[in-house]
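What follows is each chain in one-letter form.
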Amino acid sequence: MSHDPSADIDRAIALRKSGQHTVALAILLDLLRIVPMDARLNYEIARTYDPQGLEAEAIPFYERALELGLSGADRCGALLGLGSSYRCVEQYADAVRTLERGGVEYPDAPEFDIFLALALYNMGEYRRSTQLLLNHVAKFPGRDRIVQFQRVIHYYAGQPDPPYER
């Protein structure tokens, strides 16, 4: 491994994006022993666990990344990932709290509305969930940011209640 943690993190991200989650995770976890307080590293570990259906494993890394001062687009992604992961492990109140916080911090990120509506639905708050979705559709018709979440939104539309079998 090189001496530059950023280069190793970037290499792991590239591996993850090519579907090599196990190799990416091995690199990131090795690096964690060297720089455990690196916010970006913790975030990328969470992002490597999360899409594998390992939300419970991702949660502490999302939390640590945020505690360590993650900022910008990565912070936005961590709040969304953490909120969504809480929802998937049926910690709905934590999901709602996190997703609401993300929506306040990133008002131009409409994806928070979608995942918050799902968490509210899971809590039985159907009216508020529906209101949020309808307001979202009216406020953000055809928003490009939602395109990256289309696959998972379609999945949850057909199966909005956890637990999820993967």
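Our structure is the block above this text.
Residues numbered from 1 in each chain as written. Predicted model: local features only at pLDDT ≥ 70, side-chain atom pairs only at ≥ 80, totals over all residues. Heavy atoms only, no water.

Draft legend 1. Broad picture of the layout of surface pockets. In this structure, the largest pocket spans a volume of roughly 920 Å³. In terms of lining, the largest pocket is formed by 26 residues, of which the most central are R47, D50, P51, Y62 and F149. The element best represented in the lining of the largest pocket is helix 5 (residues 72–88), accounting for seven residues. Of the residues in the lining of the largest pocket, the class split is 12 nonpolar, five polar and nine charged. Empty space within the second largest pocket amounts to approximately 200 Å³. (1 Å grid on protein atoms, 1.4 Å probe; cavity = no way out; pocket = protein on both sides within 12 Å on 5 of 7 lines; lining within 4 Å. Points joined across faces, edges and corners; volume = space filled by probe spheres on them. Helix = DSSP H or I, 4+ residues; strand = E, 2+ residues; numbered from the N terminus. Nonpolar A, V, L, I, M, F, W, Y, C, P; charged D, E, K, R; others polar.)

Draft legend 2. Here's a closer look at the side chain of S129. Here S129 is to be found in helix 8 (residues 126–139). For S129, a relative accessible area of 6% gives the class buried. Excluding residues that lie within four positions of it along the chain, S129 makes contacts with A117, L120 and Y121. (Buried < 20%, exposed > 50% of the residue type's maximum accessible area, 1.4 Å probe, protein only. Contact = heavy atoms within 4.5 Å.)

Draft legend 3. Structural context of the environment of D108. Relative to the helices and strands, D108 is located in the loop between helix 6 (92–105) and helix 7 (111–122). Residue class for D108 comes out exposed when judged on its relative accessible area of 59%. For the pair formed by D108 and L31, sequence separation is 77 residues and the distance between their alpha carbons is 33 Å.

Draft legend 4. Structural detail: the packing of aromatic side chains. Inspection of every chain in the model, using the stated rule, returns three aromatic pairs. Measuring from centroid to centroid gives 6.3 Å for Y43 and Y62, while their planes differ by 50°, and the two rings are tilted. Of this pair, Y43 sits in helix 3 (residues 39–49) while Y62 sits in helix 4 (residues 55–67), and the two are 19 residues apart along the sequence. As far as the burial class goes, Y43 and Y62 line up, both buried. (Phe/Tyr/Trp six-rings, centres within 6.5 Å; stacked < 30°, edge-to-face > 60°.)

Draft legend 5. Local environment of helix 6. Under the 1.5 Å per step criterion, the end-to-end length of helix 6 is 20 Å for 14 residues, consistent within 8% with the ideal 20 Å. What helix 6 keeps buried is the set Y92, A95, V96, T98, L99 and G102. Against helix 5 and helix 7 lie the buried residues of helix 6. (Expected span 1.5 Å × (residues − 1).)

Draft legend 6. Quick peek at the nonpolar core. Counting residues in each nonpolar core, the largest one holds 47 residues, and the members touching the most others are L41, I45, Y62, L99, F112 and F115. Secondary structure elements with two or more residues in this core: helix 1 (5–17), helix 2 (21–34), helix 3, helix 4, helix 5, helix 6 and helix 7. Residue contributions to this core peak at eight residues, all from helix 7. Not counting residues up to four positions away in its chain, the partners in contact with I45 are L25, L28, L29, L32 and F61. (Core = buried A, V, L, I, M, F, W, Y, C linked by side-chain atoms within 4.5 Å.)

These figures come from the coordinates and say nothing about function on their own.
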